[in-house]
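The lines below spell out each chain.
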Amino acid sequence: VKDESGKKIYRTVDRYMEHFSMDLEWRGIKIRNYHRPLSYVLTLFFELGFAMDQFCEPLPPSTDRNYPEEVRVPNFQIFSLRG
């Protein structure tokens, strides 16, 4: 959600526990994103005997123009599993 000047003031989180797809376009690339709750995804791996070694939510460098928004809610989660 943006304010009247176009500055992002917050991100909405809705339907987090639902499973759904959405078509997105980012930097000229069209993709279909499949949303699943993190607990659902990780449980599938754990049930197959995998163990998590690492988990991180990377941010761009603090000098990046998007940093003030990304530090509020990271876009990515990366986990390392071993089985």
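Figured I'd write up the structure that's included with this text.

Basis of the calculations
Residues numbered from 1 in each chain as written. Predicted model: local features only at pLDDT ≥ 70, side-chain atom pairs only at ≥ 80, totals over all residues. Heavy atoms only, no water. Helix = DSSP H or I, 4+ residues; strand = E, 2+ residues; numbered from the N terminus. Rg over C-alpha atoms; globule rule 2.2 N^0.38 Å. Buried < 20%, exposed > 50% of the residue type's maximum accessible area, 1.4 Å probe, protein only. Contact = heavy atoms within 4.5 Å. Lys, Arg positive; Asp, Glu negative; His and termini not counted. Charge placed at Lys NZ, Arg CZ, Asp CG, Glu CD. Polar contact = N/O pair within 3.5 Å; in protein donor to acceptor, adjacent residues only side chain to side chain. Salt bridge = Lys/Arg side-chain N within 4 Å of Asp/Glu carboxyl O.

**Re the overall build of the chain**
Right, on to step 1. A tally of helices and strands in the chain yields 2 helices and 4 strands.
Right, on to step 2. Computed over the C-alpha atoms, the radius of gyration of the chain is 16 Å, more than 25% above the 12 Å expected from 2.2 N^0.38 for a compact globule of 83 residues.
Right, on to step 3. Along the three orthogonal principal directions, the C-alpha set of the chain runs to about 50 × 30 × 25 Å.
Right, on to step 4. The proportion of buried residues among the 83 residues of the chain is 7%.
Right, on to step 5. Considering only contacts within the chain whose residues lie at least 6 apart along the sequence, 37% involve residues at least 24 apart.
Right, on to step 6. Seen as two clouds, the 12 positive and the 12 negative side-chain charges of the chain have centres 4 Å apart.

**A closer look at the side chain of Glu70**
Right, on to step 1. Within the secondary structure, Glu70 sits in helix H2 (residues 67-70).
Right, on to step 2. Of note is the side chain of Glu70, whose polar atom sits 2.8 Å from the side chain of Asn75.
Right, on to step 3. Beyond its immediate sequence surroundings of up to four residues, Glu70 is in contact with Arg11, Leu59, Pro60 and Asn75.

**Here's the deal with the pattern of salt bridges**
Right, on to step 1. Tallied over the full model, the rule gives 5 salt bridges.
Right, on to step 2. Ionic pairing is found between Arg32 and Asp23, a salt bridge with its closest N-O pair at 2.8 Å.
Right, on to step 3. Residue Asp23 is classed as exposed on the basis of its relative accessible area of 56%.
Right, on to step 4. Here Arg82 and Asp53 are joined by a salt bridge, their closest N and O atoms 2.6 Å apart. Pair noted here: Arg82 is in strand S4 (residues 78-82) and Asp53 is in strand S3 (residues 51-56), with a separation of 29 residues, a long-range link.
Right, on to step 5. Judged by relative accessible area, which is 41%, Asp53 ranks as partly exposed.

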